[in-house]
Amino acid sequence: FQRPRKVGAKYTGMNIAPDEHVQPQLMFDYDGKRDRWNGYNPEEHMKIVEEYSKVDLAKRTLKAQKLQEELASGKLEQVNSPRHQWGEEEPNSQTERDHNSEDEDEDKYADDIDMPGQNFDSKRRITVRNLRIREDIAKYLRNLDPNSAYYDPKTRAMRENPYANTGKNPDEVGYAGDNFVRYTGDTISMAQTQLFAWEAYDKGSEVHLQADPTKLELLYKSFKVKKEDFKAQQKESILEKYGGQEHLDAPPAELLLAQTEDYVEYSRHGTVIKGQEKAIACSKYEEDVKINNHTCIWGSYWKEGKWGYKCCHSFVKYSYCTGEAGKEIANTEASLLEEQPSEEEHMTKPKTLMEIHQEKQKEKKKKKHKKSSNSDSEGEEKKKQEKLKK
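Residues numbered from 1 in each chain as written. Predicted model: local features only at pLDDT ≥ 70, side-chain atom pairs only at ≥ 80, totals over all residues. Heavy atoms only, no water.

**Some details on the overall build of the protein**
Across its full length, the protein holds 11 helices and 4 strands. Each of the 390 residues in the protein was classed as buried or not, and the buried ones make up 11%. Taking all contacts inside the protein whose residues are at least 6 apart in sequence as the whole, residues at least 24 apart take part in 16%. By element, 52% of the accessible surface of the protein is carried by carbon and sulfur atoms, the whole surface being about 36700 Å². (Helix = DSSP H or I, 4+ residues; strand = E, 2+ residues; numbered from the N terminus. Buried < 20%, exposed > 50% of the residue type's maximum accessible area, 1.4 Å probe, protein only. Contact = heavy atoms within 4.5 Å. Areas by Shrake-Rupley, 256 points an atom, 1.4 Å probe, with all protein chains shown as cover.)

Next up, the structure:
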């Protein structure tokens, strides 16, 4: 604001100004409207440089006064040198190393300071934000594709996952973006609890996450238990009324159709080039568990309809392994069993009357056949003898 003039402009006709300050009409594009340095004048930086130069000069004059006072009081020995006329000392003297340490450049000792937030000293002017450990890979070097996650150089932030379009799982990579941290740990449960607090407050319950977290946590746990019980009761009532439990117990579509949407590409040798190899189906039983000194599992040996251990040829489950001795014993027992007559030969079953009659008929037929064959042979011999006589 300016003070009102003694004589108004409408009477003098000089320096007629508008009633209100007219803003300039600026036409910026998309990037121009979001430029952080829009409207900044680089010449204003010279004011900061001049201010710092004045502060530096004041420090030098103050130091010179302190040196003069110390020389006058006799604390320091005066040396006949032209440097002492201006309050300075020889560079090789001990006093130079003691009093000139404050004037040294503090930035070149930045590697010796503590990590940000660990040790704070008001005398140090070094302020570092988001200091990256030098051994770590820079965020903008993780994926050089220009269409990948955006890196903000001002805040050193990369919110999206740089490996999003590479097919890598976010759990396997070392860095998955700044937003990945927001959805890990207790962050999701905290957000759910806050949402429940807002909904409960709207319905009349006076709960607050920061004011009374214990009461809210107990209320939220009881709410989840009641909600699950209500869903289970609702599901049971619908199944009792309409049925259809057999459809809920059906296996998944991957097992029924043996088809999935997972793309896997193989080479000519059978190795996987792209995609994830099919996982081996796991059994509900323990696999490759060897007990009682066995070197093979139960079921690795089969003979004559019996399962056993291959290492000792034992057919008794949970038996102790006997090794090669057990194999020799099993082989000798098998050979002895083959030499002994079978039980069927010793144990003759009683025959029925029908079987006895059939056996008699067979014997009679055999006898008749023998008699006929003998008579035929005798007639042929007689004929041969008659021929020989003739």
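From this point on, the discussion continues.
**What to know about unusual backbone geometry**
Phi is positive for N293, close to 65°, though the residue is something other than glycine. A positive phi is found at H313, a non-glycine position, where the angle reads about 55°. Among the structural elements, H313 can be located in the loop between β4 (306-308) and α9 (324-339).

**Focus: the packing of aromatic side chains**
Two aromatic rings are characterised by how far apart their centres lie and by the angle between their planes. Scanning the entire structure with this criterion turns up 7 aromatic pairs. Summarising the aromatic geometry, the rings of W298 and Y309 are spaced 5.2 Å apart at their centres and angled 65° between planes, so their arrangement reads as edge-to-face. Here the residue W298 occupies a position in the loop between β2 (272-274) and β3 (301-303), and Y309 occupies one in the loop between β4 and α9, the gap between them amounting to 11 residues. W298 gets classed as partly exposed once you look at its relative accessible area, which sits at 31%. Take Y309: its relative accessible area is 3%, and that puts it in the buried class. In this structure, R34 is placed above the aromatic ring of Y30, and the distance from its NZ or CZ to the ring centre is 3.8 Å. (Phe/Tyr/Trp six-rings, centres within 6.5 Å; stacked < 30°, edge-to-face > 60°. Lys NZ or Arg CZ within 6 Å of the ring centre and 35° of its normal.)

**Some words on the state of the cysteines**
If you walk through the whole model with that rule in mind, you get 0 disulfides. No disulfide involves C311; its sulfur sits 3.6 Å from the nearest other cysteine sulfur, which is in C321. Take C311: its relative accessible area is 9%, and that puts it in the buried class. (Disulfide = S-S within 2.5 Å.)

**A word on the nonpolar core**
Within the largest apolar cluster, 7 residues are counted, these being F196, A197, A200, V207, L209, L216 and Y220. Mapped onto this core, the elements with two or more residues apiece are α5 (187-202) and α6 (213-242). With 3 residues, the single largest contributor to this core is α5. When sequence neighbours within four positions are dropped, the list of residues in contact with V207 reads A197, A200, Y201, K215, L216 and L219. (Core = buried A, V, L, I, M, F, W, Y, C linked by side-chain atoms within 4.5 Å.)

**Digging into the environment of R142**
Looking at where R142 falls in the secondary structure, it is placed in the loop between α4 (94-99) and α5. With a relative accessible area of 23%, R142 lands in the partly exposed category. Taking C-alpha positions, R142 is 8.7 Å from Y175, a pair spaced 33 residues apart along the chain. Those residues in contact with R142, other than ones at most four positions away along the chain, are I137, P162, Y163 and Y175. A polar side-chain atom of R142 sits 3.5 Å from a polar atom in the side chain of Y163. (Polar contact = N/O pair within 3.5 Å; in protein donor to acceptor, adjacent residues only side chain to side chain.)

**Some remarks on the side chain of S148**
Following the sequence through the fold, S148 ends up in the loop between α4 and α5. Of note is the side chain of S148, whose polar atom sits 2.6 Å from the backbone oxygen of D145.

**Some words on α5**
The end-to-end C-alpha distance of α5, which contains 16 residues, comes to 23 Å, matching closely the 22 Å that a straight helix rising 1.5 Å per residue would cover. Of the residues making up α5, those classed as buried are T193, Q194, F196, A197 and A200. On an axial view of α5, the arc spanned by its buried residues comes to 160°, and they lie on one face. Exposed residues lying more than 90 degrees from the buried face of α5 are W198 and D202. In this structure, the buried residues of α5 make contact with α6. The first or second residue beyond α5 is G204, which carries a positive phi of 110°. (Expected span 1.5 Å × (residues − 1). Arc of directions from axis to C-beta.)

**Describing a nonpolar patch on the surface**
A cluster of nonpolar side chains, contributed by I137, Y140, L141 and L144, occupies part of the molecular surface with about 450 Å² of accessible area. Along the chain, L144 turns up in the loop between α4 and α5. (Patch = residues over 30% accessible without salt bridge, like charges linked within 9 Å, V, L, I, M, F, W, Y side chains within 5 Å. Salt bridge = Lys/Arg side-chain N within 4 Å of Asp/Glu carboxyl O.)

**Observations concerning the pattern of salt bridges**
Counted according to the given criterion, the structure contains 4 salt bridges. Across the pair R36 and D152 runs a salt bridge, and its minimum N-O distance is 3.3 Å. Note that R36 is positioned in the loop between α2 (30-33) and α3 (45-73) and D152 in the loop between α4 and α5, a separation of 116 residues in sequence. By relative accessible area, which is 52% here, R36 ends up exposed. Overall, the relative accessible area of 8% leaves D152 in the buried class.

**Comments concerning the confidence of the model for the protein**
Per-residue confidence for the protein averages 79 on the pLDDT scale, and 80% of its residues sit at or above 70. Summarising per-element confidence for the protein, the mean pLDDT is lowest in α4 (49) and highest in α6 (94). Low pLDDT (under 50) marks residues 79-85, which in the prediction has 8 contacts with non-local residues, meaning those over four places away or in another chain. (pLDDT = per-residue confidence, 0-100.)

**Things to note about the side chain of N161**
Tracing the chain through its elements places N161 in the loop between α4 and α5. Among the polar contacts made by the side chain of N161, one reaches the main-chain amide nitrogen of Y163 at a distance of 3.1 Å. Here N161 is in contact with A149, P170, Y175, A176 and G177, once residues within four sequence places are set aside.

**Considering α6**
In a regular helix each residue adds 1.5 Å, so 30 residues correspond to 44 Å; α6 covers 43 Å between its end C-alpha atoms and thus fits that length. One or two residues past the end of α6 sits G243, with phi positive at roughly 75°.

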